[in-house]
Amino acid sequence: MKKLILHICWVAMVLLFSLNSCTSSKLKTPDNNYRYDNKIKDLDPSMLVYHVNDTLSYLYIEVLTKNLLYVRENSSTPFEAEVKISYEIYNDYRAKELVDSATKVLYDYKNSVGDKKILSRIPLSIPFGTQPVLKVVSYDVNKKVKSETVIEIDKKDKFSNQFFLFKNRLNNEVCFDYFHTMDNDLEIESEYNANETFDVDYFNTQYPASSPPFSKNRKIQIAESLDSNFMLNFSGGKANLLLDKKGSFYIKPFDSLSYSLVLQRLDSNFSEFHSYIGMIEPLKYICTSSEYKNLVNSPNQRKAVEDLWLKMAGTKERARTVIHEYYRRVELANKFFTSYKEGWKTDRGMLSIVLGLPNTIYKTRGGETWVYGSPNNMMMSLTFSFNKENIEKTDNDYQLIRYRTYREYWYRACENWRKGRVYNFN
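The following refers to the structure shown. Note that the structure is a prediction, hence the values are computed from the model and not measured. (Residues numbered from 1 in each chain as written. Predicted model: local features only at pLDDT ≥ 70, side-chain atom pairs only at ≥ 80, totals over all residues. Heavy atoms only, no water.)

1. Thoughts on the environment of N142
- Note on placement: N142 falls in the loop between β8 (133-140) and β9 (145-152).
- On the basis of relative accessible area, N142 is assigned to the partly exposed category, the value being 21%.
- The sequence separation of N142 and A81 amounts to 61 residues, and the corresponding C-alpha distance is 6.9 Å.
- Residues contacting N142, with those up to four places away along its chain left out, are L69, V71, E80, A81 and E82. (Helix = DSSP H or I, 4+ residues; strand = E, 2+ residues; numbered from the N terminus. Buried < 20%, exposed > 50% of the residue type's maximum accessible area, 1.4 Å probe, protein only. Contact = heavy atoms within 4.5 Å.)

2. What to know about the packing of aromatic side chains
- Under the counting rule described, the total for this entry stands at 26 aromatic pairs.
- Here the guanidinium or amino end of R121 rests over the ring plane of Y58, the centre of that ring lying 3.8 Å away. (Phe/Tyr/Trp six-rings, centres within 6.5 Å; stacked < 30°, edge-to-face > 60°. Lys NZ or Arg CZ within 6 Å of the ring centre and 35° of its normal.)

3. Brief notes about the side chain of N184
- If you trace the backbone, N184 turns up in strand β12 (residues 184-189).
- Note on N184: relative accessible area 10%, which makes it buried.

4. Side note on the nonpolar core
- In this structure, Y285, W309, Y326, L351, W370 and F384 are the most contacted members of the largest nonpolar core, which totals 49 residues.
- Per-element tally for this core: the top contributor is helix α5 (residues 316-337), with ten residues.
- Discounting chain neighbours no more than four positions away, the residues touching W309 are L283, I286, A319, V322, I323, Y326 and Y327.
- Of all hydrophobic cores here, the second largest spans 22 residues; its members include V49, I61, L124 and I151. (Core = buried A, V, L, I, M, F, W, Y, C linked by side-chain atoms within 4.5 Å.)

5. Comments concerning the sheet that holds strand β4 (residues 56-64)
- Read from one edge of the open sheet, three strands run β3-β4-β7, paired in antiparallel fashion. Looking at strand neighbours, the two that pair on one side only are β3 (46-51) and β7 (117-125), the edges of this open sheet. Averaged over all neighbouring strand pairs, the angle between strand axes comes to 20°, with direction disregarded.
- As paired strands, β4 and β7 are joined by nine bridges and run antiparallel to one another. For I61, the partnering residue across the bridge sits in β7 and is S120. (Pairing = 2+ DSSP bridges. Axes fitted to C-alpha atoms, helices over the stretch in contact; angles between N-to-C directions.)

6. What to know about empty space enclosed by the protein
- Scanning all chains against the criterion turns up five cavities of 30 Å³ or more.
- Within this model, the largest cavity holds a volume of roughly 90 Å³.
- Lining the largest cavity are 14 residues, with T205, Q206, L266, Y340 and E342 positioned closest to its centre.
- For the lining of the largest cavity, the secondary structure elements donating two or more residues are β16 (247-253) and β17 (261-265).
- Counted by class, the lining of the largest cavity contains three nonpolar, five polar and six charged residues. (1 Å grid on protein atoms, 1.4 Å probe; cavity = no way out; pocket = protein on both sides within 12 Å on 5 of 7 lines; lining within 4 Å. Points joined across faces, edges and corners; volume = space filled by probe spheres on them. Nonpolar A, V, L, I, M, F, W, Y, C, P; charged D, E, K, R; others polar.)

7. Brief notes about the environment of L68
- When you line up the elements, L68 lands in the loop between β4 and β5 (80-90).
- Take L68: its relative accessible area is 9%, and that puts it in the buried class.
- C-alpha separation for the pair L68 and N142, spaced 74 residues apart in sequence, amounts to 8.1 Å.
- Those residues in contact with L68 that lie beyond four places of it in its chain are L43, V63, A81, V83, I118 and D140.

8. Description of the packing of helix α3 (residues 289-297) against helix α4 (residues 301-313)
- Relative orientation of the contacting elements α3 and α4 amounts to 150°, with a least axis distance of 8 Å. Viewed along their axes, α3 and α4 adopt a mutual orientation that is roughly antiparallel. Across the interface between the two elements, E291, L295 and V296 from α3 touch Q301, A304, V305, L308 and K311 from α4. (Parallel < 35°, antiparallel > 145°, perpendicular 65-115°, else oblique.)

Read these as spatial facts, not as claims about activity.
Right, dumping it as structure tokens:
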């Protein structure tokens, strides 16, 4: 996933335009109001929760040293980075009473080895049968920047994904994402499910991008044709799984109807973003049908992409600006909204790319509400509601409730992009 940033910048440079470095950020959580912050954040840690037994769980946090600031007191002392990790646990999103909290400080000293990953494991006291909410703040003391993240804890069912820990067998590194961009040989650890047998159903289904927000409402079910099936045995609490082909790997307890885990082996706009078809696909939101068809079928896709952006923007300078922002939003959508398909193809991804991110997001366990403009002035705001769907297969599928009244706002946004202007509703 992190390689995507380099792919975006590399392609844009080849497209005649020199861009600044692309960055992303984490989820912000003031009370029950949430925001996918699109401002530059320098820390950008990766996090997950893994349940070990009925009372003990771990919060895993990984920070890249290249994102930290190293300082020293004087010439005789080494350069040192300091990261403060603080967490709070609440019973639910709207709960005011604090259940537990703690702070841990990470230190690292600069050496000549180069960039590396700092992995920390923080114990959490979470009883079995509960579903609290974990809020985590990571703070670079020297840089004075922070990242805020919220994690929904699920410790009610031993088959939920937080009872499994994934590691890359090649280097023993913890995997923080359920989607992968290359062949990965994984070791899956689950102390709760030691000696259990699981079914793995493999599907090679390609999903289309979302339709416009004013199109007909229809609940999208993950409907797939099974390509193959095999067994996974957690002998001694560990099992190996090779993600050797593109598609979806659904893992469920033996003879169960519900899936516990869904692993994606994705390519489009991840590892293939360095190709021009990778840049073409997200343009379908702002292109006409004929323009998109011409891009896909062009014998020289590089020139076709260049010509289209230049035609829409008018000048290279304006094209540089809109390219930078458009594909930065694609990267952000992939980071936050990927589920059974790439994040840019989802409803939330579509809106975040074309309209920008909203001022306000209200989040519950069953969905999200996005408010553009002021939430206190309905005449000057635009609201989108998403329901959480397909929860038996993924925890990140939020589908938009569509209305015809969105048509005007959508076309206005697309027209701005087509005139070489970065669009933000707010």
